[in-house]
Amino acid sequence: MRRDELLDAAEELLCDQGSTALTLSAVADRAGVSKGGLLYHFSSKEALIKGMVERLIADFDQLLIDQPGDTYTERYLRATLAAVRSGRLRRWAVVTGASGNLYLLAPLREAMTRWHREELAGEPDPTASQIVRLACEGLWDVASHDPGLNTEDDLVVLEARLMALLKPEAMP
């Protein structure tokens, strides 16, 4: 539990003050612990950033599992929209922006590869599924940088249109 509180404090600091403010001392202060208490869980700033990235991946993986849908791509679409609606994608932007180190973002690249390839060959229309997954990435990117751009009505329409690509027989 304490580890998550430290990660929350680091994410809040990034959101409020940007990546230059992300220091171990500032995170410890924000979390209300000693620097030694922070170092017990994260031995360096890089370890802290890596922990944030790994938690973001695990959160999205769980969001995928929690979604209804007949196919992986339907669940992926719904998980992306759930992340947009909840504001979670803003966390992605600040955490990934905090790291100029490609090594620290390697787990995210691996997760993105997995999310885009997972069960793709078994989809009813793999090409349509790939298009929907790429559309999700575009939505993800836009929502990360401008969370208020798409209204709930916009998201409902986008979901319906993207679902229709996955189920062409359901189109009017």
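Residues numbered from 1 in each chain as written. Predicted model: local features only at pLDDT ≥ 70, side-chain atom pairs only at ≥ 80, totals over all residues. Heavy atoms only, no water.

Chemist: Before we go on, may I ask you to explain the overall build of the chain in this structure?
Modeler: On a plain count of helices and strands, the chain comes out with nine helices and zero strands. Along the chain, helices and strands appear, N-terminal first, in the series α-α-α-α-α-α-α-α-α. The buried share among the 172 residues of the chain stands at 42%. Surface accessibility of the chain: about 9100 Å² in total, with carbon and sulfur atoms responsible for 54%. (Helix = DSSP H or I, 4+ residues; strand = E, 2+ residues; numbered from the N terminus. Buried < 20%, exposed > 50% of the residue type's maximum accessible area, 1.4 Å probe, protein only. Areas by Shrake-Rupley, 256 points an atom, 1.4 Å probe, with all protein chains shown as cover.)

Chemist: I keep staring at the pattern of salt bridges and nothing clicks. Help me out?
Modeler: Pairing is possible between side chains of opposite charge, provided their charged atoms come close. Taken as a whole, this structure holds 16 salt bridges when the rule is applied. For Glu-152, the salt bridge goes to Arg-85, with nearest N and O atoms at 2.8 Å. Of the two residues, Glu-152 is situated in helix H9 (residues 152-166) and Arg-85 in helix H5 (residues 72-86); the sequence distance between them amounts to 67 residues. Residue class for Arg-85 comes out partly exposed when judged on its relative accessible area of 38%. Where salt bridges share partners, they join Asp-70, Glu-74, Arg-78, Arg-85, Glu-152, Glu-159 and Lys-167 into one cluster. (Salt bridge = Lys/Arg side-chain N within 4 Å of Asp/Glu carboxyl O.)

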